[in-house]
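# Summary of the model geometry
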Amino acid sequence: MKTKLLLFCFLFVMLISCEPSGIYSKFDKSAENNRWPQSETKTYEFTVDNDTLLYDIKFHFSHVYDYQFANVPINFSIESPDGKKENIAIDLAIKNDKGEQLANCSGDICDLIYKIKEKIKLLKGNYKITVSNRFKGPYLPNVLGIGLEVDKAE
């Protein structure tokens, strides 16, 4: 009897640990000629069903290795189900003070994950997040893709 109970508890723990933590993940790698035009705004829409949890909202920026800029100006606009809008402007750090890549790189492809919001409560309902670059010029070069992830906070 103890063996069955122990086996059941083990299986239960394994099932819980395998539960996906992400509620939304989208990555767009359609940057033509590896360029993100300044006029092109990316829009991400997702639904939150559980408002009792804490969430992380992460921006995924994929670029070529040895990116020519130390940081990239990015704008985020978060529209919540109650209609409130929050605008966030950041200078996304690509390299540290020593000029080293901050992204995870494999060959010529580097993936940088930036937490826009960390351990926050989200209301139940539909969210809309728009992302744009504020690069001075017609396009931001050497961009391989852009994405957004919303996960349960750890």
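The structure under discussion appears in the preceding block.
Residues numbered from 1 in each chain as written. Predicted model: local features only at pLDDT ≥ 70, side-chain atom pairs only at ≥ 80, totals over all residues. Heavy atoms only, no water.

### Here we look at unusual backbone geometry
Phi at Asn 33 takes a positive value of approximately 55 degrees, unusual for a residue other than glycine. The residue Asn 33 is located in the loop between β1 (22–28) and β2 (35–37) in this model. With a relative accessible area of 59%, Asn 33 lands in the exposed category. The backbone phi angle of Asp 66 is positive, close to 60 degrees, even though this residue is not glycine. Among the structural elements, Asp 66 can be located in the loop between β4 (54–64) and β5 (71–79). (Helix = DSSP H or I, 4+ residues; strand = E, 2+ residues; numbered from the N terminus. Buried < 20%, exposed > 50% of the residue type's maximum accessible area, 1.4 Å probe, protein only.)

### A look at the pattern of salt bridges
This structure, assessed with the given rule, holds 8 salt bridges. For the salt bridge of Glu 86 with Lys 117, the shortest nitrogen-to-oxygen distance reads 2.8 Å. Of the two residues, Glu 86 is situated in strand β6 (residues 85–93) and Lys 117 in strand β8 (residues 109–121); the sequence distance between them amounts to 31 residues. The residue Glu 118 makes a salt bridge to Lys 115 at a minimum N-O spacing of 3.4 Å. (Salt bridge = Lys/Arg side-chain N within 4 Å of Asp/Glu carboxyl O.)

### Some points on the environment of Ile 113
Its location among the elements puts Ile 113 in strand β8. Residue Ile 113 is classed as partly exposed on the basis of its relative accessible area, which comes to 42%.

### Regarding the packing of aromatic side chains
For the structure on display, the rule yields 7 aromatic pairs. On the numbers, 5.2 Å between centres and 75 degrees between planes, the contact of Phe 59 with Phe 76 is edge-to-face. A residue pair is termed long-range when its members are at least 10 positions apart, and Phe 59 in strand β4 and Phe 76 in strand β5 qualify at 17 residues. Of the two residues examined, Phe 59 and Phe 76, each falls in the buried class. Three or more aromatic residues link up through ring pairs in this structure, and these residues are Phe 59, Phe 61, Tyr 67, Phe 69, Phe 76 and Phe 135. Its guanidinium or amino end placed over the ring of Tyr 139, Arg 35 lies 4.2 Å from that ring's centre, counting from NZ or CZ. (Phe/Tyr/Trp six-rings, centres within 6.5 Å; stacked < 30°, edge-to-face > 60°. Lys NZ or Arg CZ within 6 Å of the ring centre and 35° of its normal.)

Interpretation note: all reported values are geometric properties and have no functional meaning in isolation.
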